[in-house]
Amino acid sequence: YHVDAQCLIDNAVDLKVQAAVSSIVSSTLAKAKLFCQNVSARGALVSCPGGYKATACSCGMACGSWDIRSDATCHCQCGGIDWTSARCCKIGVE
Amino acid sequence: YHVDAQCLIDNAVDLKVQAAVSSIVSSTLAKAKLFCQNVSARGALVSCPGGYKATACSCGMACGSWDIRSDATCHCQCGGIDWTSARCCKIGVE
Amino acid sequence: YHVDAQCLIDNAVDLKVQAAVSSIVSSTLAKAKLFCQNVSARGALVSCPGGYKATACSCGMACGSWDIRSDATCHCQCGGIDWTSARCCKIGVE
């Protein structure tokens, strides 16, 4: 009996696990979203909140020359910049 | 017999589940990708399609001053803007 | 006996699988992160490394007019552009 029971369990578990896992994984993954926010400040520098990365920067004075430092800080390069804004995004689960 | 069988099942299930789950989860997660597209329009405003978030905006007239409204709408701030383009991204599974 | 054992297995497996899967999936999903880097080059064109998508472009000469080609190449449109930079992001597991 013993071997038969083991085999019974193995098959049952295999089938059950595969089906359950795939459906749960897909449904959970479907809840993974891109969360973004804007952060602005006077002057030429602004940083995203913790956990967020900067995906782009916007600058005052129509300036399109900027760089991102340490993954989350926007720096506007033109002279006399009055404001800097960062677009900050991260992955989260809804 | 009853207790022994229960224990047998528990162990078998635990091992099976852990192994199967981890491999399926990792392989599914590996399929999670960043899907992006460009959307452009005449004038100073353009919105990303449903489900997408704007990660940046580009503007005509060399203008680098823009803002993102309600997560998905690009607005170019300089005067007399002829076109506006949004970079729109979301998370999907390949 | 046979039917009773089958039912025993089914229930045990179902409970085990659901619990294990959900916890592993959530903990794995929590490791999914947005990985970003900057890529710069002389001139008006620069491309992200393989697997990365461009989320935005920055240009020399204060130019804010750019476009993204084939998902990963930044093109700065103003005349006489001295440098172009791409913000490149992808999804990865920490």
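Heads up: these notes are all about the structure in this document. Note that the structure is predicted; figures quoted are calculated from it, not measured. (Residues numbered from 1 in each chain as written. Chains lettered and ligands numbered in written order. Predicted model: local features only at pLDDT ≥ 70, side-chain atom pairs only at ≥ 80, totals over all residues. Heavy atoms only, no water.)

Right, let's get into the overall build of chain A. Of the regular secondary structure elements, chain A holds one helix and six strands. Going residue by residue from the N terminus, the α and β elements of chain A occur as α-β-β-β-β-β-β. Here the analysis covers contacts within chain A between residues at least 6 apart in sequence; of these, 60% occur between residues at least 24 apart. Entry remark: accessible area of chain A is about 4,100 Å², with carbon and sulfur atoms responsible for 57%. (Helix = DSSP H or I, 4+ residues; strand = E, 2+ residues; numbered from the N terminus. Contact = heavy atoms within 4.5 Å. Areas by Shrake-Rupley, 256 points an atom, 1.4 Å probe, with all protein chains shown as cover.)

Another point: the relation of the copies chain C and chain B. Each of the two copies of the chain can be brought onto the other by a rotation about an axis and a shift along it. Mapping chain C onto chain B calls for a screw motion: a turn of 120° about the axis and a shift of 0.0 Å along it, with 0.0 Å RMSD after fitting. Taken together, these values place the two copies in the relation of a three-fold axis. Closest approach to the rotation axis among the C-alpha atoms of chain C is made by C:Gly64, whose C-alpha sits 2.3 Å away. (Least-squares fit on C-alpha atoms with pLDDT ≥ 70 in both.)

As a further point, take the packing of aromatic side chains. Each pair of aromatic rings is reported with the distance of its centres and the angle of its planes. Per the stated rule, a full pass over the model turns up zero aromatic pairs over all chains. The ring of C:Phe35 carries the charged tip of A:Lys53 above its face, separated from the ring centre by 5.5 Å. (Phe/Tyr/Trp six-rings, centres within 6.5 Å; stacked < 30°, edge-to-face > 60°. Lys NZ or Arg CZ within 6 Å of the ring centre and 35° of its normal.)

Our next topic: the interface of chain C and chain B. Facing 33 residues of chain C, the contacting portion of chain B comprises 32 residues. Taken together, the two surfaces of chain C and chain B that pack against each other cover about 2,400 Å², and 68% of this comes from carbon and sulfur. Counting the contacts that link chain C with chain B gives one salt bridge. Our count for the chain C to chain B interface comes out at 11 residue pairs in polar contact (both at pLDDT 80 or more). Counting residues per element, the ones that place at least two in the side of chain C that touches chain B are helix H1 (2–29), strand E1 (32–42), strand E3 (53–59), strand E4 (66–69) and strand E6 (83–93) of chain C. For the side of chain C that touches chain B, the element with the highest residue contribution is H1(C), accounting for 13 residues. (Buried area = accessible area lost by both parts, 1.4 Å probe. Salt bridge = Lys/Arg side-chain N within 4 Å of Asp/Glu carboxyl O. Polar contact = N/O pair within 3.5 Å; in protein donor to acceptor, adjacent residues only side chain to side chain.)

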